[in-house]
Amino acid sequence: MSNRKPSAGKKNFAEVILNGADSDARKGYTNEWQPAAQALSLRLWFKDGRRCEGLPWALYSGDDWQSSNSGEPERLTLTFGVRTVTVEGYNLRHLVEQIDEGRLKSIREHDSHEAALLRSGHTKDDEEGEAVIIRIDVEPSLQDFASSIREEA
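Because the structure is predicted, anything quoted here is derived from the model rather than measured.

Trainee: How should the overall build of the protein chain be read in this particular structure?
Mentor: The number of helices and strands found in the protein chain is four helices and eight strands. The order of helices and strands in the protein chain, counted from the N terminus, is α-β-β-β-β-β-β-α-β-α-β-α. Out of the 153 residues belonging to the protein chain, those deemed buried represent 33%. Across the protein chain, every contact between residues at least 6 apart in sequence was considered, and the portion connecting residues at least 24 apart equals 60%.

Trainee: Sorry if this is basic, but what is going on with the pairing of strand β3 (residues 52-56) here?
Mentor: Each regular strand displays side chains that alternate between the two surfaces of the sheet. The side-chain alternation of β3 yields one buried face, formed by E53 and L55, and one unburied face, formed by C52, G54 and P56. For strand β2 (residues 41-45) and β3, the ladder comprises five bridges, and the chain directions are antiparallel. Residue L42 lies in a different strand from β3, and its bridge partner there is L55. Counted along the chain from β2 to the antiparallel partner β3, the turn is six residues long, and its residue G49 has a positive phi close to 75°.

Trainee: Teacher, can you tell me more about the sheet that holds strand β7 (residues 104-108) here?
Mentor: For sheets, the rule is that strands pair by backbone hydrogen bonds, running either parallel or antiparallel. Spatial strand order, β1-β7-β2-β3: four strands in an open sheet with mixed pairing. If you trace the sheet from one side to the other, it starts and ends with β1 (29-31) and β3, each paired once. Across the sheet, the mean angle from the axis of one strand to that of its neighbour is 15°, orientation sign disregarded. One ladder, built from three bridges, connects β2 with β7; its direction is parallel. Along β7, the bridge assignment pairs W45 with R108.

Trainee: I would appreciate a short explanation of the side chain of E53 in the present structure.
Mentor: One can find E53 in strand β3. Within the structure, the side chain of E53 is placed 2.4 Å from the side chain of R83, a separation counted as a polar contact. Aside from chain neighbours lying at most four places away, what touches E53 is L42, R43, L44, F46, R83, V138 and L142.

Trainee: What should I look at first to understand the nonpolar core in this one?
Mentor: One broad rule of soluble globular proteins: the nonpolar side chains tend to lie buried together. Counting 22 residues, the largest nonpolar core has L44, V85, L95 and I107 as its most contacted members. Of all the elements in the fold, those that place two or more residues in this core are β2, β5 (74-80), β6 (83-90), α2 (93-101), β7 and β8 (132-139). Non-local contacts of I107, meaning those with residues more than four positions away in its chain, are made with G28, Y29, L42, R43, L44, W45, V87, L95, I133 and I136.

Trainee: Sorry if this is basic, but what is going on with the pattern of salt bridges here?
Mentor: When the charged atoms of two side chains lie near each other, side chains of opposite charge can form a pair. Applying the stated criterion across every chain yields a total of seven salt bridges. E88 is paired through a salt bridge with R135; the nearest N and O atoms lie 3.1 Å apart. With a gap of 47 residues between them, E88 in strand β6 and R135 in strand β8 connect regions that are remote in the sequence. A relative accessible area of 14% places E88 in the buried class. Accessibility expressed as a relative area gives 30% for R135, which makes it partly exposed. Here D137 and R135 are joined by a salt bridge, their closest N and O atoms 4.0 Å apart.

Criteria and thresholds
- Residues numbered from 1 in each chain as written.
- Predicted model: local features only at pLDDT ≥ 70, side-chain atom pairs only at ≥ 80, totals over all residues.
- Heavy atoms only, no water.
- Helix = DSSP H or I, 4+ residues; strand = E, 2+ residues; numbered from the N terminus.
- Buried < 20%, exposed > 50% of the residue type's maximum accessible area, 1.4 Å probe, protein only.
- Contact = heavy atoms within 4.5 Å.
- Pairing = 2+ DSSP bridges.
- Axes fitted to C-alpha atoms, helices over the stretch in contact; angles between N-to-C directions.
- Polar contact = N/O pair within 3.5 Å; in protein donor to acceptor, adjacent residues only side chain to side chain.
- Core = buried A, V, L, I, M, F, W, Y, C linked by side-chain atoms within 4.5 Å.
- Salt bridge = Lys/Arg side-chain N within 4 Å of Asp/Glu carboxyl O.

Given below as structure tokens:
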């Protein structure tokens, strides 16, 4: 039986669960943790906590990221078939990098309090800062999309 202790910089699984340390729940995005794995869908979590939506990466057809120099929010537009996801926030380059690696698994909107706290901890050009998601919009809505399919049938 080994008496080895975890290194000082690493927390054991129980500490992470109990203390919520290093939790992805507070991040604006999550990624696939297995380096060789690829995320199969993108889960969008809305700030009201009562709604989420998933889109399959198999329908992904492109994206457009626009940064801003004036302190205005950045915009990332993703297309999935006929549906468009628009994400507004700060440090969205992190999301683009995860898309490029095929690892972006979810995006979570932050409420205004969370966004302010995250933004106060870093500057816009801070590469280490977390993505701060202030708005997610999906067009057409899933209900409108499903209705249009039913009308065609």
